[in-house]
Amino acid sequence: MAVTKRKFTVILELEEDGGFSVYCPALPGCVSQGDTRQSAIDSIKEAIRLYQETLQERKAEMAPRLVKEAFKRSNEGAPHLYEESPEVIAEEIRHILGGRQEDGLPFGGVSTETVEVELPVHVSA
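In this text, all values refer to a predicted model and were calculated from it rather than measured experimentally. (Residues numbered from 1 in each chain as written. Predicted model: local features only at pLDDT ≥ 70, side-chain atom pairs only at ≥ 80, totals over all residues. Heavy atoms only, no water.)

K.L.:
Is there a simple way to explain the pairing of strand 3 (residues 31-34) in this structure?
P.N.:
Walk down a regular strand and you will see the side chains alternate between the two sheet faces. The alternating pattern of strand 3 places Ser32 and Gly34 on a buried face, while none of Val31 and Gln33, on the opposite face, is buried. As paired elements, strand 2 (residues 20-23) and strand 3 share four bridges and run antiparallel to each other. When the bridges of strand 3 are listed, Phe20 appears paired with Gly34. (Buried < 20%, exposed > 50% of the residue type's maximum accessible area, 1.4 Å probe, protein only. Helix = DSSP H or I, 4+ residues; strand = E, 2+ residues; numbered from the N terminus. Pairing = 2+ DSSP bridges.)

Here's what the structure looks like:
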């Protein structure tokens, strides 16, 4: 199995009570946190690695559902699953801000940033 590197854009959100939440828009549900910016980045790298391992382990089981979902989203003009694009990143930011609104938190003073992280990815030959 060959190893290559893949870059993921992640979104860091400074929490009001300190620390950071961090999201990987290309991997739905891949979220983590850390007390410092660096610990949040390290934490999301580990979450991405575990996410990828789980996908590899469950590839055969999940493949039919993922193909069906990707086809459905493709026909709706939405980005494909696990695809990183400006639309996917913008949608994640909208989701974060929507969650703040639902929780009654202000938008003013919200600090978010996007960062690229690089991880090894195992590729089947």
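K.L.:
I'm lost on the side chain of Ser32 in this one. Help?
P.N.:
Turning to its location among the elements, Ser32 is positioned in strand 3. Within the structure, the side chain of Ser32 is placed 2.3 Å from the side chain of Ser43, a separation counted as a polar contact. Once residues within four sequence positions are removed from consideration, Ser32 is found in contact with Phe20, Ser21, Val22, Ser43, Ile44 and Ala47. (Polar contact = N/O pair within 3.5 Å; in protein donor to acceptor, adjacent residues only side chain to side chain. Contact = heavy atoms within 4.5 Å.)

K.L.:
Whenever I open this one, the pattern of salt bridges confuses me. Can you help?
P.N.:
Any two side chains of opposite charge can pair, so long as their charged atoms come close to each other. If you walk through the whole model with that rule in mind, you get four salt bridges. Between Glu46 and Arg49 there is a salt bridge, with its nearest N and O atoms 2.4 Å apart. Separated by three residues within a single helix, Glu46 and Arg49 lie in helix 1 (residues 37-57), roughly one turn from each other. Note on Glu46: relative accessible area 35%, which makes it partly exposed. Among the residues examined, Arg49 registers a relative accessible area of 32% and is labelled partly exposed. We note a salt bridge from Glu91 to Arg94, for which the minimum N-O separation is 3.1 Å. Of this pair, Glu91 and Arg94 both sit in helix 3 (residues 86-102), three residues apart, which is roughly one turn of that helix. Residue Glu91 is classed as partly exposed on the basis of its relative accessible area, which comes to 44%. (Salt bridge = Lys/Arg side-chain N within 4 Å of Asp/Glu carboxyl O.)

K.L.:
So what exactly am I meant to see when it comes to helix 1 here?
P.N.:
Every α-helix winds through 3.6 residues per turn, so residues three or four apart in the chain are directed the same way. Helix length check: helix 1 (21 residues) gives 30 Å between terminal C-alpha atoms against 30 Å at 1.5 Å per residue, within 8%. Among the residues making up helix 1, those that are buried are Ala40, Ile41, Ile44, Ala47, Ile48, Tyr51 and Gln52. What you see down the axis of helix 1 is that its buried residues fit within an arc of 135°, all on one side. (Expected span 1.5 Å × (residues − 1). Arc of directions from axis to C-beta.)

K.L.:
Help me understand the nonpolar core, please; the structure alone is not making it clear to me.
P.N.:
The nonpolar side chains of a soluble globular protein tend to be buried with one another. Ranked by size, the top nonpolar core spans 18 residues in total, and within it Phe8, Val10, Cys24, Cys30, Ile44 and Ile48 carry the most contacts. Only strand 1 (2-14), strand 2, helix 1 and strand 4 (112-123) provide two or more residues apiece to this core. Of the residues forming this core, the biggest block, six residues, is contributed by helix 1. Not counting residues within four places of it along the chain, the set of residues in contact with Ile48 comprises Phe8, Val10, Cys24, Leu27, Cys30, Val117 and Leu119. (Core = buried A, V, L, I, M, F, W, Y, C linked by side-chain atoms within 4.5 Å.)

K.L.:
In this structure, what is going on with the environment of Pro25? I would like to understand it.
P.N.:
Inspection of the secondary structure assignment puts Pro25 in the loop between strand 2 and strand 3. Residue classification places Pro25 among the buried positions, given a relative accessible area of 7%. Separated by 59 residues in the primary sequence, Pro25 and Glu84 place their C-alpha atoms 7.1 Å from one another. If near-sequence neighbours (up to four positions away) are discounted, Pro25 is found in contact with Thr9, Val10, Ile11, Val88, Ile89 and Glu92.

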